[in-house]
Amino acid sequence: MRRLEALRADAGILRQMLRGMPKQGDHAERLAGFYATQAADYDRFRERLLPGRAELIASLQLPPGARVIELGGGTGRNLEFFPAARRDDIEFELVDLCTPLLDIARQRTRGWPQVRITQADATTYRPQAPVDCVLIAYALSMIPDWRAAVSNALAILKPGGQLAVVDFYVGADRPGTGLTQHGAITRHFWPRWFAHDGVRLGPETPQHLLQLMPSHQLWEGRASLPYLPLLRVPYFRFVGRKSD
């Protein structure tokens, strides 16, 4: 894509983000309304917006013949972060509610027979059999009942399976052990900035994951955003292992 075309596409996405998440309809309808005009350029723009996905997937320890399900998998871009040598070995299922993003996922995985695309709610969907890994990348912060999505993820994991999460967040004023403390500006600015687009930021998600899965790895960092190079939003990567 030429630079001028890319800038025009970015401008269209930024206009939709400024309009915000639609207020009418159920969650699936609001997602479709928000992403319908963005879907074609979603991945190109989000490459600069959603950090840590490749690093999260590279840290996974998957057995031969692993079954992986991604809840809130959108366009299927995250599947391409798995090593090419494992793509014929791993069975993938991608679950999302958003029709425009799933249309992109189906196009992307057309020649990838071991990928199944399912339109369903991440809080209730159950695969036919337990899986080795549940991946949730930048989706919990957009799921209204995100605790139900986490509970569902744990329910569909095999004993010893891995829950892998990457997402934006802000830390608490007095964080628990092992979590970063963020200043007042960070704690107040970023939740208000993202809420306009239906993204919930707070300290609860990493705290909840740490409590549920004592066997885990957690990494916290900050990332710049497109066209806002001087601002850096906090995000975390988490990999927890379900107890036997």
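Undergrad: Outline the pattern of salt bridges, listing residues and values.
TA: Tallied over the entire structure, the rule returns 11 salt bridges. For arginine 77, the salt bridge identified is with glutamate 80, shortest N-O distance 3.2 Å. Take glutamate 80: its relative accessible area is 29%, and that puts it in the partly exposed class. Between arginine 200 and glutamate 204 there is a salt bridge whose closest N-O contact spans 4.0 Å. Three or more residues joined by partner-sharing salt bridges are found here, namely Glu47, Arg53, Arg77, Glu80 and Arg108.

Undergrad: Any chance you could break down the packing of aromatic side chains for me, citing the residues and the numbers?
TA: Remark: the centre distance and the inter-plane angle together describe each pair of aromatic rings, the angle taken between the planes. Using the criterion set out here, one finds 10 aromatic pairs in the structure. The interplanar angle of 45° and the centroid separation of 5.9 Å between the aromatic rings of tryptophan 190 and phenylalanine 194 together place this pair among those described as tilted. Within this pair, tryptophan 190 and its partner phenylalanine 194 are both found in helix H7 (residues 184-195), separated by 4 residues, close to a single helical turn. As far as burial versus exposure is concerned, tryptophan 190 and phenylalanine 194 are alike and both buried.

Undergrad: Explain the sheet that holds strand S5 (residues 157-168) residue by residue, including any values.
TA: Read from one edge to the other, the open sheet built from 7 strands follows the order S3-S2-S1-S4-S5-S7-S6, with strand pairing classed as mixed. With one partner strand each, in any of the chains shown, strand S3 (115-119) and strand S6 (216-225) form the two edges of the open sheet. Neighbour-to-neighbour, the strand axes of the sheet open up by a mean angle of 15°, direction not taken into account. One ladder, built from 7 bridges, connects S5 with strand S7 (residues 228-241); its direction is antiparallel.

Conventions we followed
- All chains use their own residue numbering, which begins from 1 and follows the written sequence.
- Given that this is a predicted model, residues contribute local features only at a pLDDT of at least 70 and side-chain atom pairs are listed and counted only at 80 or more, while totals for whole chains, interfaces and linings are drawn from all residues.
- Each side-chain value is worked out from all heavy atoms of the structure, with water and hydrogens disregarded.
- Put simply, a salt bridge is a Lys or Arg side-chain nitrogen that is within 4 Å of an Asp or Glu carboxyl oxygen.
- Buried, partly exposed and exposed residues are distinguished by accessible area as a fraction of the type maximum, computed with a 1.4 Å probe on protein chains only: under 20%, between the cut-offs, and over 50%, respectively.
- Aromatic pairing here means that ring centres of Phe, Tyr or Trp (its six-membered ring) are within 6.5 Å. Orientation follows from the plane angle: under 30 degrees is stacked, over 60 is edge-to-face, and everything else is tilted.
- What counts as a helix is a DSSP run of H or I of at least four residues, what counts as a strand is a run of E of at least two, and both are numbered from the N terminus.
- The pairing criterion for strands is at least two bridges between them, as found by DSSP.
- Axes, fitted as lines to C-alpha atoms, cover a helix only where it is in contact. Angles between the N-to-C directions of the axes lie from 0 to 180 degrees.

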